[in-house]
Amino acid sequence: MKEAFDKLFNDPLQQAGLGRGSFDGADPLADHERPAGAVAPALSRRRFLVLSGLGGFTLALLGTGNASATAKAGGGDAGSDWAINAYIQIHDDNSVRIFAPNPEVGQGVKTALPMIVAEELDAAWEDVKVDYAPVDGARFGAQFAGGSLSIPMRWQEMRELGAAARFMLVQAAAEYWSVSPQGLRTERSSVIDSGTERRLQYAELAAAAAAQTPPTAERLEFKSPGAYRILGQRISGIDNEALVRGKPLFGSDVRLPGMRYATYVKSPVLGGRPMHANLDDIRALPGVTDAFIIDGTVRVSRFDPAGTSVAPGVAIVAHSTWQALRAREALQIEWDLEQASRDDSAQWQSEARRLAETTEGQAVAERGEPLSQLAQAQQQIAASYSAELVSHAQLEPQSCTARYHEGTIEVWASSQTPGRAVQSLAALMDLPESNITVHQYRGGGGFGRRLDNDYVRETALIARRVDAPVKLQWTREDDMAFDQYRPPVHHYLRAGLDAKGKIAAWDNHTIAVTPDGAEPGSSAGFRPGIMPEPVLEHYRAAVTLLPFKTPTGPVRAPLSNTYAFAEQCFMHELALAAERDHLAFLLDVMGEPRWTQEGERRAVHTGRAAEVIRRAAAMADWGRPLPQGSALGLGFYFSHAGHIAEVAQVRMEDSTRIRVEKVWVAADIGTIVNLSGAENQVQGSIIDGLSTLAAQRLTVRDGAVQEKNFDQYPLLRHPLTPEIVIEFVDSGHAPTGVGEPALPPLAPAVCNAVFSASGERIRHLPVSKAGFSLV
């Protein structure tokens, strides 16, 4: 089993659902945990030439070239078009077009990545125009949005591209003025002669810059943070105006001439296969152009971003979505359920609880002598924590448009892994990747759901049968029934305290879902190396696999989203058992400032951890007296390379009604790229965390998900949103992602506060299961 866990969790791309090999063996995060003041490794000469030659970095002059300096410096006539390569284009009106390579699903990377380029290019932000980059791995590398990796993965690359373009523009200006480049500076899309203050706009120099030899990596000079004009500022999202005006941006908005509309009906009991259906009756209905059975490739579609997994079902194609959905209401299918799932989520939780406390499990991480030290400890504390099945619940249900023609397929989709979609379709349809084109569109939320391309594969199979572009639109009910859910989990935690109230030993037994009995399901199980293992001398983590066929997958902050609740609430229990203040106890656990795994990309820095814990406590004025029934609760977690601590203030309206009044967040995620975007992601994480904590759970009975829509699966309402105060700690490190790490500390912060206010310990998520409610 250990090999299976290593395979799943030793690579952050596995955690994002992308698997190994996406970066040709390179470590995209090799620098993002570098100590403050360390110099980032320069882009290799070979890599730089690959980028500049293949278009991974581009600078171009487009337009009429009406400036005289352009014609003179470039050695050509006004009106020529000049190109160097493909991330950056400079137009003759001095506007700067920057391609955003990674998908946008609300996390802000369509704005943030171009900001990094624009900063090093020294372009005025108002001159910048942003477009999606084409889906092309050879030119733009791994194009995906997951694991909070977009910023750390692209940070150094984007800086180098912008700095290289600036270098070439300065060289062009130096040659035009016949001066040394050392006497020139850049500012707001212009090169300025510091001696005379004369200036040339970038548009006037682009043609000559195109003739420059790209600089070697050693010649690149990066701006110091003190000179930043764009990074760290609040920059409105590139799409914000279009969003509020309702302009078409999303995959669901795609419209093509002659387009048909489809719905795809799968067995509500997972694993069912259609044997017969009243297809002739359906084809005769108004607007319906075809109806047919798709055999699929598997009984239950699995999390499979680049694979061929398609569940069997019945497709209906019509002239409108409405006609397709009306026809669906008349569809009668006889399902073969012989190999279908018989999952029952309540039975799973019951059996998980029994196994956790009566078996030892198989160790996946162990150091020291945890079991013997536990037996000899001054105090022994044990507790169970668990969480239930949760849906991604992104607001835009799955949608995709595809056109198949003579062995080629073109796709328009909101996917978090558009590059993997190309690989997936090539494998599914036995086509060369060169015959597949994927256009990326903004996604109406993702949270990990759009990492998989199951809906893209379904659309492609339907399109192959139809002589026209086809849009497949899932309904909300489809989205709830055929998600890849946050897996249920059960943790049985034991710890021993020594005579001084310090942790002497720790043992965690996790019960994890498994679809096949051999490996944990996607995003299930336990990840070795996470807290508190790195800071304890005697530690053990073990796993027992319990069958559950219902598909699971990455949901915002996979594994961390439930384990942080268990680990940090248990830390509070240990602090109380030791008769110590929770803040002091947690700081003591961190110990001296150090990297827990030097050089490892998932390494905790205990000094950074302690600083955010202190900062959050200070922001909340930890220890101040509060009215009876009110209390503060603390939670810290390290995930996706972010060190984040949160303090929640709650008020108990009565014995079961909880009001979360305020949440303070201290976050060390390194350099802030877009302050507005970072704040947005932290706020969204707090709200999402409260939403899943409060009442969200899915129940599976006899293989079928019971909840169908948001009336049965409540999202947090605006009146329940607490005041959120955020402080970012500038530790001088390169930036890490922030789409996920602020979510895990929220549940323990709230639940610890509830205990302090009421004496009731919440051990299961959502809290509604125990009769609590947020008000």
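See the structure shown above.
About the cut-offs
- Residues numbered from 1 in each chain as written.
- Predicted model: local features only at pLDDT ≥ 70, side-chain atom pairs only at ≥ 80, totals over all residues.
- Heavy atoms only, no water.
- Helix = DSSP H or I, 4+ residues; strand = E, 2+ residues; numbered from the N terminus.
- Buried < 20%, exposed > 50% of the residue type's maximum accessible area, 1.4 Å probe, protein only.
- Contact = heavy atoms within 4.5 Å.
- Polar contact = N/O pair within 3.5 Å; in protein donor to acceptor, adjacent residues only side chain to side chain.
- Core = buried A, V, L, I, M, F, W, Y, C linked by side-chain atoms within 4.5 Å.
- Phe/Tyr/Trp six-rings, centres within 6.5 Å; stacked < 30°, edge-to-face > 60°.
- Pairing = 2+ DSSP bridges.
- Axes fitted to C-alpha atoms, helices over the stretch in contact; angles between N-to-C directions.
- Salt bridge = Lys/Arg side-chain N within 4 Å of Asp/Glu carboxyl O.
- Lys, Arg positive; Asp, Glu negative; His and termini not counted.

1. Considerations on the environment of E104
1) Next: With respect to the helices and strands, E104 occurs in the loop between strand 4 (96-100) and helix 5 (109-121).
2) Next: Judged by its relative accessible area of 2%, E104 is buried.
3) Next: Along the sequence, E104 and Y132 sit 28 residues apart, while their C-alpha atoms lie 9.0 Å from each other.
4) Next: Discounting chain neighbours no more than four positions away, the residues touching E104 are V109, K110, T111, Y132, Y441, R442 and G443.
5) Next: Within the structure, E104 has its side chain in polar contact with the backbone nitrogen of V109 (distance 2.9 Å).
6) Next: Of the polar contacts made by the side chain of E104, one reaches the backbone nitrogen of K110; its length is 2.8 Å.

2. With respect to the nonpolar core
Soluble globular proteins: nonpolar side chains tend toward being buried together.
1) Next: One finds W506 and L774 to be the most contacted residues of the largest nonpolar core, which totals 114 residues.
2) Next: With 9 residues, the single largest contributor to this core is helix 17 (residues 560-577).

3. Examining the packing of aromatic side chains
For any pair of aromatic rings, the description consists of the separation of the ring centres together with the inter-plane angle of the planes.
1) Next: Counted according to the given criterion, the structure contains 6 aromatic pairs.
2) Next: When the ring of W506 is compared with that of F570, the centres are 5.3 Å apart and the planes differ by 75°; the resulting orientation is edge-to-face. On the criterion of sequence distance, the pair formed by W506 in strand 21 (residues 503-514) and F570 in helix 17 is long-range, its members being 64 residues apart.
3) Next: Taking 5.1 Å as the distance between ring centres and 85° as the angle between the ring planes, the aromatic pair formed by F526 and Y563 counts as edge-to-face. Pair noted here: F526 is in the loop between strand 21 and strand 22 (539-547) and Y563 is in helix 17, with a separation of 37 residues, a long-range link.

4. What about the sheet that holds strand 17 (residues 408-413)?
1) Next: With mixed pairing, the 7 strands of this open sheet are ordered in space as 11-12-9-19-16-17-18. Looking at strand neighbours, the two that pair on one side only are strand 11 (288-294) and strand 18 (436-440), the edges of this open sheet. Going across the sheet, the axis of each strand differs from the next one's by a mean of 20°, ignoring polarity.
2) Next: In this structure, strand 11 lies alongside strand 12 (residues 313-318), joined through 6 bridges in antiparallel fashion. If you follow D290 over to strand 12, its bridge partner there is V317.

5. Focus: the pattern of salt bridges
1) Next: In total, this model carries 48 salt bridges according to the counting rule given.
2) Next: Among the ionic pairs, E119 bridges to K223, the shortest N-O distance being 2.4 Å. You can see E119 sitting in helix 5 and its partner K223 sitting in the loop between helix 8 (202-210) and helix 9 (240-244), a full 104 residues away along the chain.
3) Next: Exposure remark for E119: the relative accessible area of 1% places this residue in the buried category.
4) Next: One salt bridge in this structure joins R608 and D668, with 2.7 Å as the shortest N-O distance. Within this pair, whereas R608 is found in helix 19 (residues 606-619), its partner D668 is found in strand 25 (residues 657-668), the two being separated by 60 residues in sequence. Per residue, the accessibility class of R608 equals that of D668, and both read buried.
5) Next: The structure contains a network of salt bridges with shared partners spanning E119, D122, R185, E187, E197, K223 and R229.

6. Quick notes on the pairing of strand 4
1) Next: Of all 5 residues in strand 4, 4 are buried; the element is thus mostly enclosed.
2) Next: With 3 bridges joining them, strand 3 (residues 88-91) and strand 4 adopt antiparallel strand pairing. Paired with I90 across the two strands is V96, which belongs to strand 4.
3) Next: A loop of 4 residues connects strand 3 with strand 4, the two strands running antiparallel in sequence, and N94 in this loop sits at a positive phi of about 70°.

7. Notes on unusual backbone geometry
1) Next: A cis amide bond links M531 to the next residue, P532, at an omega of 5°.
2) Next: Examined against the element boundaries, P532 turns out to sit in the loop between strand 21 and strand 22.
3) Next: Of the consecutive residues L765 and P766, the connecting peptide bond is found in the cis state with omega at 5°.
4) Next: Positioned with a positive phi, A641 is a non-glycine residue whose angle comes to about 70°.
5) Next: Here A641 lies in the loop between strand 23 (630-639) and strand 24 (642-652).
6) Next: When its relative accessible area of 6% is taken as the criterion, A641 is described as buried.

8. Observations concerning the side chain of E533
1) Next: In this fold, E533 is placed in the loop between strand 21 and strand 22.
2) Next: In this structure E533 is buried but unpaired, with R367 as the nearest side chain of opposite charge at 4.9 Å.
3) Next: Excluding residues that lie within four positions of it along the chain, E533 makes contacts with A365, R367, P528 and Y539.

9. So, the side chain of K266
1) Next: Looking at the element boundaries, K266 is found in strand 9 (residues 260-266).
2) Next: A distance of 2.7 Å separates the side chain of K266 from the side chain of E458, its partner in a polar contact.
3) Next: Contact partners of K266, with chain neighbours within four places excluded, come to A311, P312, G313, W335, E458, W474 and F482.

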